[in-house]
Structures are given as structure tokens and as C-alpha cells.
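# Inside the fold
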Amino acid sequence: MLSSKIENIELSGTMEVSAKTFELRSKGIDVIDLCVGEPDLPTPENIKKAGINAIDHDKTKYTINTGIKELRQAIADKYKNEWGIDFSIDEIIVSNGAKQSIYNVLQTIINENEEVLIPAPYYVSYPHMVKLAGGKPVIVETKRINQYKPTIDEIASYISPKSKAIILCNPNNPTGTVLTKKELETIVNFSIEKNLVVICDEIYEKLIYNKTEFTSVASFGKKENVIIINGVSKTYSMTGWRIGYAIGSKNIVSGMNKLQSHSTSNACTISQFASLEALTGDQALVEQQRIIFEERRNLVYNALKEIELFSCVEPKGAFYIFVDIKKVLEKSDKIADSEEFCMKLLNEAYVATVPGSVFGKAGYIRISYAKSNKELTEAMIRLKEFVNTII
Ligand SMILES: Cc1ncc(COP(=O)(O)O)c(C=O)c1O
């Protein structure tokens, strides 16, 4: 009964681990969940109050499809202040989370069988979203030596007459790598030259460590065939409020407007007012959150370095570490692949992680450090002991 479109995609690859985590927890077992894709900190008080205020003042009806003017203006102001680039509010559309923004871009630009280049490792939903848009995901293999950042030669080798777009994720989920300004500019210029639409997911823009410099694609001042994806989920601990946005090409944004007008209409009105407060209110909490995550990153990265058979590229952003476990797999006759590693780690040491295959790279696991120092410290002890039991 299901359409081939749906038969063709899979449920999120974390489902098996999540189901097992749930089962173990229901038996009273203390599982440390390092699969999480959201900050564990609460939404800041001023933002919560703005949401409550919206309800109290009956701001509970439909809004204009693309999002309230004040919020789009606040987004435009943010880009003007941070990158010195003017965006008009017609170049911005607010949706139900960054995920919907990416989905809508792809639905808006992809024709049947057109190809979308996706450097691996990638955010789990990109290839599925491309397929749902009728397109073909083309996975661009990257190298450890380049910190999994795609090079021009690698991208070029996957370009065909059917190539339509490229999706970049910077800072990257799952590797935590951040492209330098030069690397980003080179990729963007090359892609535009090849007539590709550049979709750049910058949802982790404010979680940057080690004094690394983050550059938004916006800073290059190119709008035609460029769409930036962003939102409030990660920066303001607002994952459940479901507000994301796309900013860039007016043509694509107006196409997305048409699509959204016949699907979800405006994003939640209350959440839009809360997001307005997030963007225009006190930003001190953003830095406070970043410092907390930097400390956690250091804790986990240093602990992982002590596990001899592990290796990982130092993450510079987001809140994930992508660990190469191939040497453990080679040495162990008890475990064959990263899926088995994750399930055994969960079943025997009660630590939940995500296998790399979900992100397009076998032989890795992804660890999220969006957890307290106490939980992370305990998880690292359990992980180290577990590795010793399987080699
Ligand atoms: C790279 C990336 N893009 C987009 C999203 C989705 O963001 P949102 O919650 O705003 O839909 C996530 C969430 O994990 C993500 O990691």
C-alpha cells in the first residue's frame, strides 16, 4: 500500500539504539544516552516568558506564511550585524525547524532524478530528503587526512550533467569539523561556477571551540543559487519549539513559500514570538552555553585519546565527536562492525552511541557530549572498560 517514495527511505538509523535504550531504562537500568542531538540545558527564561506572553496576548492565530515580519527582520538584522550583508525579509522564510527548511528547499529545487552532492559523513536526513524530493543523493567520499572536509577535486569527481545542488553542513554533524573561510569560499565559488545550488546548514554556528573562526556563507555576499539554513534549536536550547529558517536566494525562498502555503502554512505562532525574543534579547547565555560545551568537549576528547585503539579528529564545533573504531574492529573477534559495537556497548556497558554507518561512514561511532560532566565522565569510564573486554 505504501508509495515507492516511502518504501525507498528508512526510519532514522538511531531507532534501534533508541528502542533498546528505552527498554533498558524501563527495567530501571541507568543508561547514559550519548545519542542526543540537542542541548540538555533548559530554554532560557526570557524566551520561555516571550512564549507565555504570546499566549496571554492571544498571539495564537495564523501568521503570514513566511513568518512574522518582526522575526524575519530580526534574522535580517542578525546577518547584517554579524556578516555585514543586507538581506530583505523576502529573502527569508521561517519554517517548523531547520529540518523542514532543508526539506522545503529540496522539494522546491529538485526535479526527478536530479543529483544532489552530499559530502560524507553527513547529517542523517539529507539523503532521505533528497530521495523524497525525487532526486538522487550522490555521496562525496572525504578523507580523514582532510578532517573529512570535502576538497574541490573530490567534489568535481562526482559532478555530472544531472548535478543540481550540494549540501554542506558547517560546523559538521557528525564530525564537529569547521571549514575555514578559504575552504568554504573555494567550495562555494566552485559549486556556483558549476551551476549548483549551494545549501549550507549552519545550525551549529554558535557552538565553536578552541578559538576556531566560523564563517557563514552569507559573508560572501552571494545570494543567487545560495541558501543558508539556520534556526534557534541548538543555539538557544529550543529544539522542541520547532523554528528554523532559510535565507538567501529570493527566487528559491518564494518557491518555498508556495510549497509551505500548501503544506504546513506558518510555523507555530507562539514559537515565532519566542524566537523573536531569542534573537533580539540578551545574548550572554549563548556564550555561557558555548563555554559549558567547550568544557564537555575537552573532557570527552581527552578521555577518548586515552583509548589507544580509538582515533578521532579534534572537533571544533557542534557537540559531537566521530570516533574511528576500525582498529578495535580489526583486533576484536567478538564484534564485526560499528552497529554491533554500539548495540553491545549499550547492552553490556549501558552507554548509547550511534553507529557511523548512519552518517555514511562505516567503522565509526558518533558520541554526543550534550550531557553533564558527571554523566560524560562515567560514560567514558564505561566505554574504556568495555573496549578492554572485547579486544
Ligand atoms: C545538521 C543538522 N541540521 C538540522 C537539524 C535539525 O534542526 P531542527 O531541530 O531545527 O529541525 C539538526 C538536528 O539535529 C542537525 O544536526
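Keep in mind the model is a prediction, meaning the values are calculated, not measured. (Residues numbered from 1 in each chain as written. Predicted model: local features only at pLDDT ≥ 70, side-chain atom pairs only at ≥ 80, totals over all residues.)

### A closer look at the nonpolar core
Convention followed: Throughout this description, the term nonpolar core refers to a group of buried Ala, Val, Leu, Ile, Met, Phe, Trp, Tyr and Cys residues whose C-beta atoms join them within 7 Å. Backbone-placed C-beta atoms define the burial measure: a residue is buried with 20 or more other C-beta atoms within 10 Å of its own, exposed with 12 or fewer, and partly exposed in between. Only DSSP runs of H or I covering at least 4 residues are called helices, and only runs of E covering at least 2 are called strands; the numbering of each starts at the N terminus. Domain start and stop points were drawn from an automatic or database domain assignment. Here, residue contact means that the backbone-derived C-beta atoms of the two residues sit within 7 Å.
Counting residues in hydrophobic clusters, the biggest one holds 109 residues, and the most contacted among them are Val 198 and Ile 199. Counting residues per element, this core draws most heavily on helix H5 (residues 98–109), at six residues. Counting residues domain by domain, this core receives three or more from each of domain 1 (4–42 + 285–390) and domain 2 (45–280). Aside from chain neighbours lying at most four places away, what touches Val 198 is Ile 166, Leu 168, Val 188, Ser 191, Ile 192, Val 217, Asn 225 and Val 226.

### So, the site of the ligand
Rules: As used in this record, a residue near a molecule or strand is one whose C-beta atom, placed from the backbone, is within 6 Å of it. All amino acids are sorted into three groups, where Ala, Val, Leu, Ile, Met, Phe, Trp, Tyr, Cys and Pro are nonpolar, Asp, Glu, Lys and Arg are charged, and the leftover types, Gly among them, are polar.
Inspection of the region around the ligand gives 13 residues, with Gly 37, Gly 97, Ala 98, Lys 99 and Ser 233 positioned closest. Here the shell around the ligand is built from residues that sort into four nonpolar, seven polar and two charged.

### Some details on the domain arrangement of the chain
Splitting the chain by domain gives domain 1 (4–42 + 285–390) and domain 2 (45–280). Here domain 1 and domain 2 have C-alpha centroids that lie 26 Å from each other. Counting residues at the interface gives 29 residues for domain 1 and 31 residues for domain 2. Elements supplying a minimum of two residues to the side of domain 1 that touches domain 2: helix H11 (284–305) and strand E10 (320–324).

### Observations concerning unusual backbone geometry
If a residue is not glycine, its phi is most likely negative; likewise, a peptide bond is most likely trans. Cis rather than trans, the peptide bond between Ala 120 and Pro 121 has omega equal to 0°. In this chain, Asn 170 is followed by Pro 171 through a cis amide linkage whose omega measures -5°. Residue placement: Pro 171 occurs in the loop between strand E5 (163–169) and helix H8 (181–193). Its identity as a non-glycine residue notwithstanding, Ser 237 has a phi of 50°, on the positive side. Of note, Ser 237 is situated in the loop between strand E7 (226–231) and strand E8 (244–248). In this model, Arg 242 sits at a positive phi of 60°, which is unusual for a non-glycine residue.

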